[in-house]
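Structural overview
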Amino acid sequence: RFNVPDISWRELMTVRGGPYLVQIGLAPLAEVLFPLYMYRVKHVPISHTLSSNLWAFIIDLSAILSFITPAVIYNIFVDTLIPDIGMTWLILCAVFWLLFIGNIFFWRTDTGKRLAVKSDKDMSPDDGSSEPGRNRGILKTFTQAEIKDYAFVYCVRLVLWLSFIIANYAAVRAVGMNPPLSLAVIGMPLVVMSIFMPIGVGGYGGPQLIAWFLFVKIGGSGQAEQAIMYSFLFSSAFLIGRAVIGTILFRSFWKRCFR
């Protein structure tokens, strides 16, 4: 969208879906392959790809917090079903939204634009770097993105996370748990996010730990076995889905990236 605007949908599917085969073993490693492909095949500086990834990740967080924040507010001020989810959670949500909204408008200001322009001129190829300003090229996408870009990606991710919550809620009910809606809306996005963190292998470990901690330890909803079984269903569906997509696309990805 920002680095290779003319990329075909077929190649886009390959570059994003090919690493899924690696992701089922170690999710963080798969994220290395994407900027590597962009650098070797599309000649996009790694810092620029990381800039776009970080930008998308922040919008992803905003979509997640769009569900979590109302649930936290409801739990605190309307019906306190989970005492451990209190003002600290609300403060953290408020800090995120202030930073997120401030980030959108900061890069539209003269100060933000000067910072980005300066960063691209701070270094020159003569100092041994292969890319001028590469140490601060992480700002590139933030300075390019318009309000409409934020809105478009936010809406896409909002729909995606809504589908995650619906699917996870079905899995929770399937194992006999019936958590309060506020707890479900807070806990399920965090369970999904944990699969991308280096706290498990093959999609297992992290979701089980987070599900137990949120639904049983904090929320007191259901038994440990039920929380683990629910998260096991999610982890298995994640592994199977990513394995199928990755198997189909990985060969093409590998040939293009490492030819």
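Scroll up a little and you will see the structure.
Cut-offs used in this document
- Residues numbered from 1 in each chain as written.
- Predicted model: local features only at pLDDT ≥ 70, side-chain atom pairs only at ≥ 80, totals over all residues.
- Heavy atoms only, no water.
- Helix = DSSP H or I, 4+ residues; strand = E, 2+ residues; numbered from the N terminus.
- Buried < 20%, exposed > 50% of the residue type's maximum accessible area, 1.4 Å probe, protein only.
- Areas by Shrake-Rupley, 256 points an atom, 1.4 Å probe, with all protein chains shown as cover.
- Lys, Arg positive; Asp, Glu negative; His and termini not counted.
- Charge placed at Lys NZ, Arg CZ, Asp CG, Glu CD.
- Salt bridge = Lys/Arg side-chain N within 4 Å of Asp/Glu carboxyl O.
- Disulfide = S-S within 2.5 Å.
- Expected span 1.5 Å × (residues − 1).
- Arc of directions from axis to C-beta.
- Contact = heavy atoms within 4.5 Å.

Here the focus is the overall build of the protein. Looking only at helices and strands, the protein has 11 helices and zero strands in total. The linear arrangement of helices and strands in the protein, starting from the amino end, is α-α-α-α-α-α-α-α-α-α-α. Across its three principal directions, the C-alpha atoms of the protein cover 60 × 45 × 30 Å. For the protein, buried positions account for 44% of its 259 residues. Of the roughly 13900 Å² of accessible surface on the protein, 68% is carried by carbon and sulfur atoms. In the protein, the 22 positive side-chain charges and the 15 negative ones have mean positions that sit 7 Å from each other.

The next point concerns the environment of W97. Assignment of secondary structure puts W97 in helix α5 (residues 87-106). In this structure the C-alpha to C-alpha distance between W97 and L61, which are 36 residues apart in sequence, comes to 9.9 Å.

Here the focus is the pattern of salt bridges. Scanning the model with the defined rule gives four salt bridges in all. The salt bridge involving D149 is made with R1; its shortest N-O contact spans 3.2 Å. Here D149, found in helix α8 (residues 147-174), pairs with R1, found in the segment before α1 (9-17); they are 148 residues apart in sequence, far enough to count as distant. A relative accessible area of 9% places D149 in the buried class. For E11, the salt bridge goes to R256, with nearest N and O atoms at 3.5 Å. Taken together, the residues span a long stretch of sequence, with E11 in helix α1 and R256 in helix α11 (residues 224-258) at a distance of 245 residues.

On to the environment of S47. With respect to the secondary-structure elements, S47 resides in helix α4 (residues 46-77). By relative accessible area, which is 12% here, S47 ends up buried. Placed 67 residues apart in sequence, S47 and R114 show a C-alpha to C-alpha distance of 19 Å.

Under the counting rule described, the total for this entry stands at zero disulfides. Of the cysteine sulfurs around C155, a residue in no disulfide, the closest is that of C93, at 20 Å.

In a regular helix each residue adds 1.5 Å, so 20 residues correspond to 28 Å; α5 covers 28 Å between its end C-alpha atoms and thus fits that length. Within α5, the full set of buried residues consists of L90, C93, F96, F100, N103 and I104. Projected down its long axis, α5 shows its buried positions confined to an angular sector of 160°, all on one face. Across α5 from its buried face, at more than 90 degrees, point the exposed residues T88, L98, L99 and F105. Against α4, α7 (140-144) and α8 lie the buried residues of α5.

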